[in-house]
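# Secondary and tertiary structure notes
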Amino acid sequence: MSRTRLGYEGVAIVSPATIPYQRFSIETAHWWIARALKESLDQAGLGPAEIDGFAVSSFTLFPDTAVGLTQHLGLCPRWLDHIPMGGASGIVALRRAARAVQAGDADIVACVAGDTNHIDSFRNLLSSFSRFSQDAAYPYGFGGPNANFALLMDRYMKDYGATREDFGRICVAQRQNALRNPNALMKKPLTLQQYLDARPISDPIALFDCVMPCAGSEAFLVMTVEEAQRRDLPFAVIAGTIERHNAYADDPVQFRGGWAMDIDELYHMADCAPSDIDLLQTYDDYPVISMMQFEDLGFCDKGEGSRFVQDRDLTIEGDFPHNTSGGQLSAGQAGAAGGYIGLVEAIRQVTAAAGPTQVPDASRAMVSGFGVINYDRGVCSGAAIIEGAKA
Amino acid sequence: MSEPIAPPGKKNPQRRTDVPQTPPQQRSRAALGLAAAAAEGRFMLQVCGDCGAVQYPPRDACSRCLSINLQWQDVSPGGRLVAETRVRATTDLYFRKQMPVRVGTVKLDVGPSVICHVHGDVGDGADVRMAIKLDRAGQGVMMALPVKETPFMEDDPRLREMSCTPRHRRVLVTDARNPNAPAIVSALAAAGAEKIFVGLSEDWRPNRHNDDIMAVPGVEMLPLDVTDSKSVEELAAELGGKTDILVNNARYVRPGGLMARNDTVFAQNEMDVNYLGLMRLAQAFGPAMCARTADGTNAAVAWVNILSAYAISNSPDYGCFSASNAAALSLSQNMRADFRTSGLRVLNVFVGPTDDDWHQELPPPKVPANTLARSLVQGLVDGLEDVYCGDVAKDMIERFRASPKIQEREMTGFRS
Ligand SMILES: [Zn+2]
């Protein structure tokens, strides 16, 4: 057993910002990132000169990185991070920023993710995603992530008897949640029958199993609790958080993520149990991945995911509120901002700032991230339990 | 079983010929090892020289022990299909025309999982035999095949994309006078070639192979002299648009090395046929064939060169002939580069001394024409780029790979 980790005491998460997504945008990632950063700073009453830490995630920033953005946006941080972890970026940025603030390396860290979506950028993104994908995945039909996740969904269904109806329940519930989120790209209700009848994309994946790529950005700030209180900002605190990369590399097909290695420690850190979680934000690039998270995050046993979604109500008013803003499946996947959407929504939820998607009395949320299909599976995973500040 | 492919009908002249597209070309340097294995039809993966772990995808350091000592080795091709999908949507222009594409994950007996093309006759969750095939980008790709042959197996659309099979295709064999011509024509016909054109130089001169060639169904003899640009161009104008496979068997060979001759007469003939002849053919037929690589069932697929194994390292007894073949080998690499974007494959069949008049002073082993023809057609069916036919050719390439310099020293040793 490794040493006990230090806790995250004294760290506050504030100013959750979401710039409404657009299906396509002629703007750049820089533009989208600047807007989310400004929105978040405005909420806190801060100017760009007042942040001394900056973490960025983006796929479409090329040829720039976080470094280029400091000059582009006129920032002078003493702590800087560029996090290329896709769907795990939000959790990882939070973890890094929290430690920087705790250690005094930075006082206020802005964490931002954003991407643009030009008419042709999805295709360009695919063709330059990773070396293993280029060498060993894309030459096989060039189906992108759809094909990868179709393979693991196929295996999952065969091993555990899950059906498309089960995955459909996740999508339908999220669409119901999205209808309350004025910024969600998907604005029409989705029925289970529509889900089942959808155009096949890469069997068993069909249209409503896939996210819609779009442009957008998300941000939040990390500072000390004292700073948040001094500024009178609603804030969340970190009860516990984990990350893990390239877990279970010998599994022939991915059926579990890195969470499963560290989940006990997460609950131990947070001193709570799955039943104490008021709402869950999973990384939902495909519903099978959300189902995998229900299992690996301890809400049900491995293989029980389909029964879990049959027994529980995943809507905002249900007994297991899940992806309350509609998640990526219904709000859209704004590139690396897809790694932030759940976390930013969870911050709003536990600080009672979620508005139309608010879960009543939500005080403790779990957020999980999952990212980077480097070859045949998602490599990065992370999770955090955050709580609304006690008055 | 696979659905047998119907023979292509008459082409509609109004319809635009599909523009040649290739699957994704881009690869890391390590991944080119797959193309090298596929070129010879071998199933090779990187194996760690320190800990023995088999690696996939190809990489630069061992994922078990961090050793950089990774060697490409033949490994067991057995595995099991553990997941599959049919990709029905893609942004790639090549695959858009191939949808749906069956793709799977195979757990190899030797360790890694691989994402691969899956033959239509592989059952759900079945054991498979893996092959590394050259795709239309000329890159090595993994394909899961049924463990045992199935009826019409080669007609599976994905496998046919990887193959250059003569089945339902029209082939031009350039030289009716070469003693190997009857065997090659027969083997092509046996493999299902729809039509075989055979070039005959100086058609007023008798050719002792004509009867054997003309006995094969589907054969048509046409005038062709590879040393005459005009003759080559004329035939290309007539046949270029309906040549799906070109087999260049034209060859001029005389024994003798540099100092055994005191002029350049034979050498000029050797270069004129073996090197410049290939160049004339490539320039005349190449463009039309490259434009027709996406033209349905009988799209243009391959160009075949028959090269002396002594193109690899000079054999002093046939020194000048070796030199002309070395030139042709080099030119074939140029052809590969120029044909790459079209997907037209260049198959080089290397052969040691053949069993004919010009090699009668050599001791065995010599390659009978039937053996050469069989290797050539099998190379097409398997979609290879390099075939080493016979013991001499295999020995030459093995020694070349061990050490080109030691091979040269062996080849140029004391002669009595
Ligand atoms: Zn090793």
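Scoring rules and cut-offs
In every chain, residue numbers begin from 1 and rise along the written sequence. Think of it this way: whatever chain is written first is A, whatever ligand is written first is 1, and the rest follow in order. Side-chain atom pairs in this predicted model are given and counted only at pLDDT of 80 or more, local residue features only at pLDDT of at least 70, and totals for whole chains, interfaces and linings cover all residues. Water and hydrogen atoms play no part in the side-chain values, which are based on all heavy atoms of the structure. Every helix listed is a DSSP run of H or I at least four residues long, and every strand listed is a run of E at least two residues long, numbered separately from the N terminus. C-alpha atoms define the radius of gyration in this analysis, and the globule rule sets the expected value at 2.2 Å times the number of residues to the power 0.38. Summary of the burial criterion: residues with accessible area below 20% of their type's maximum are buried, those above 50% are exposed, and those between are partly exposed, where the area comes from a 1.4 Å probe applied to protein chains only. Residues are treated as being in contact if the distance between any of their heavy atoms lies within 4.5 Å. Asp and Glu are treated as the negative residues and Lys and Arg as the positive ones, with His and the ends of the chain left uncounted. By convention, the charge on Lys lies at NZ, on Arg at CZ, on Asp at CG and on Glu at CD. For this analysis, a salt bridge means a side-chain nitrogen from Lys or Arg found within 4 Å of a carboxyl oxygen belonging to Asp or Glu. Bear in mind that the domain bounds are from an automatic or database domain assignment. Two parts placed together each lose some accessible area under a 1.4 Å probe, and the buried area is that loss summed for both. Whenever a nitrogen or oxygen atom comes within 3.5 Å of another N or O atom, the pair is scored as a polar contact, on the condition that within protein one atom can donate a hydrogen and the other can accept it, and that pairs from neighbouring residues in sequence are kept only if both atoms are in side chains. Counted as coordinating are nitrogen, oxygen and sulfur atoms within 2.8 Å of the metal, or 3.2 Å for Na, K and Ca, while water is not included, which may make sites look incomplete. A four-donor site is classed as tetrahedral when every donor-metal-donor angle falls between 85 and 135 degrees; four donors are called square planar, and six octahedral, when trans pairs exceed 155 degrees and all remaining angles lie between 65 and 115, with any other arrangement labelled irregular. Any residue that is not Ala, Val, Leu, Ile, Met, Phe, Trp, Tyr, Cys, Pro, Asp, Glu, Lys or Arg is counted as polar, Gly included; the first ten are nonpolar and the last four charged. In this analysis, axes come from line fits to C-alpha atoms, helices being fitted only over the stretch in contact, and the angle between any two N-to-C directions falls in the range 0 to 180 degrees. The scheme is simple: roughly parallel for angles under 35 degrees, roughly antiparallel for over 145, roughly perpendicular for 65 to 115, oblique for anything else. The sense of a crossing depends on the near helix, which, turned anticlockwise from the far helix by less than a right angle, makes the crossing left-handed and, turned clockwise, makes it right-handed. Joining through side-chain atoms within 4.5 Å is the link that ties buried Ala, Val, Leu, Ile, Met, Phe, Trp, Tyr and Cys residues into a set, and such a set is a nonpolar core.

With that out of the way, let us pick up the overall build of chain A. Helix and strand counts for chain A come out as 14 helices and 11 strands. Relative to the globule expectation of 21 Å for 391 residues, the C-alpha radius of gyration of chain A, 19 Å, shows essentially globular dimensions. The C-alpha extent of chain A, read off along each of the three principal axes, is 55 × 45 × 45 Å. Buried residues in chain A amount to 63% of all 391 residues. Considering only contacts in chain A between residues 6 or more positions apart, those separated by 24 or more positions represent 76%. For chain A, the separation between the mean place of its 31 positive charges and that of its 47 negative charges on side chains is 3 Å.

Moving on, we get to the pattern of salt bridges. Residues and elements named next belong to chain A. Counted by the stated rule, this structure contains 50 salt bridges over all chains. Of the charged contacts in the structure, one is a salt bridge between Arg230 and Glu227, with a shortest N-O distance of 2.7 Å. In this pair, Arg230 and Glu227 are both assigned in helix H9 (residues 225-230), 3 residues apart and thus about one turn of the helix distant. Judged by its relative accessible area of 61%, Arg230 falls in the exposed class. Members of the salt-bridge network, linked through shared partners, are Glu50, Glu227, Arg230 and Arg231.

Further remarks concern the domain arrangement of chain B. All names here are of chain B. Domain annotation for chain B reports domain 1 (32-62 + 69-162) and domain 2 (170-411). When each unit is reduced to the centre of its C-alpha atoms, the spacing between domain 1 and domain 2 is 30 Å. Contacts between domain 1 and domain 2 engage 14 residues on the former and 13 residues on the latter. Taken over both partners, the interface formed by domain 1 and domain 2 buries close to 1100 Å², and the fraction arising from carbon and sulfur atoms is 39%. When residues of domain 1 are sorted by the area they lose upon contact with domain 2, Ala39, Glu40 and Arg136 head the list and together hold 47% of the total. Between domain 1 and domain 2 we count 1 salt bridge in total. Salt-bridge contacts for Glu40 lead to Arg401; the nearest nitrogen and oxygen are separated by 2.6 Å. Applying the counting criterion to the domain 1 and domain 2 interface returns 9 residue pairs in polar contact (both at pLDDT 80 or more). Listing elements by their share of the side of domain 1 that touches domain 2, those giving two or more residues are helix H1 (32-39), strand S7 (127-134) and helix H3 (157-162).

The next point concerns the coordination of the zinc ion. Residue and element names in this part refer to chain B. Looking at the zinc ion, the protein donor atoms are Cys48 (SG), Cys51 (SG), Cys62 (SG) and Cys65 (SG), and they sit 2.3 Å from it. Coordination at the zinc ion is tetrahedral: its 4 donor atoms span angles of 104 to 115° at the metal. Going along the chain, you hit the donors of the zinc ion in the pattern C-x2-C-x10-C-x2-C. Of this pair, Cys48 sits in strand S1 (residues 44-48) while Cys65 sits in the loop between strand S2 (54-55) and strand S3 (70-74), placing them 17 residues apart in sequence. With a relative accessible area of 35%, Cys65 lands in the partly exposed category.

On to the interface of chain B and chain A. In this complex, chain B contributes 39 residues to the contact, which on the side of chain A involves 29 residues. Across the chain B to chain A interface the summed buried area is about 2900 Å²; carbon plus sulfur atoms make up 57%. Joining chain B to chain A, the criterion identifies 19 residue pairs in polar contact (both at pLDDT 80 or more). Here the side of chain B that touches chain A gets 6 residues from one element, more than from any other, and that element is strand S4 (residues 78-87) of chain B. Each residue belonging to the side of chain B that touches chain A can be placed in one class, and the counts come to 20 nonpolar, 10 polar and 9 charged.

Right, let's get into the packing of helix H1 (residues 29-44) of chain A against helix H2 (residues 66-73) of chain A. Residue and element names in this part refer to chain A. Between H1 and H2, the shortest axis-to-axis distance is 11 Å and the interhelical angle comes to 70°. The pairing of H1 with H2 is recorded here as roughly perpendicular in orientation. The way H1 lies across H2 gives a crossing that is right-handed. Seen from H1, the contacting residues are His30, Ile33, Ala34 and Leu37; seen from H2, they are Leu69, His72 and Leu73. Its residues assigned to classes, the contact of H1 with H2 comprises 5 nonpolar, 2 polar and no charged.

The next subject is the packing of helix H6 (residues 229-239) of chain B against helix H7 (residues 265-290) of chain B. Residue and element names in this part refer to chain B. The contact between H6 and H7 brings their axes to 9 Å, and the two run at 30°. Overall, the two elements H6 and H7 adopt an arrangement that is roughly parallel. At the point where H6 passes H7, the crossing takes the right-handed sense. Of the residues in H7, those in contact with Ser229, Val232, Glu233, Leu235, Ala236 and Leu239 of H6 are Arg280, Leu281, Ala284 and Phe285. Here the contact of H6 with H7 is composed, by residue class, of 7 nonpolar, 1 polar and 2 charged.

With that settled, consider the environment of Pro77 of chain B. Residue and element names in this part refer to chain B. Within the secondary structure, Pro77 is located in the loop between S3 and S4. Distance in space between the C-alpha atoms of Pro77 and Val147 is 9.9 Å, their sequence separation being 70 residues. The contacts of Pro77, once residues within four sequence positions are left out, are Phe43, Val128, Arg129 and Met130.

So, about the nonpolar core. Within soluble globular proteins, side chains that are nonpolar generally end up buried alongside one another. Ranked by size, the top nonpolar core spans 97 residues in total, and within it Met366 of chain A together with Met130 and Met142 of chain B carry the most contacts. At 8 residues, the largest contribution of residues to this core is made by helix H6 (residues 144-160) of chain A. Once residues within four sequence positions are removed from consideration, Met366 of chain A is found in contact with Ile263, Leu266, Tyr267, Ile277, Leu279, Leu280, Gln281, Leu297, Phe299, Ala384 and Ile385 of chain A. Counting residues in hydrophobic clusters, the runner-up holds 49 residues, among them Ala88, Val92, Cys111 and Ala336 of chain A.

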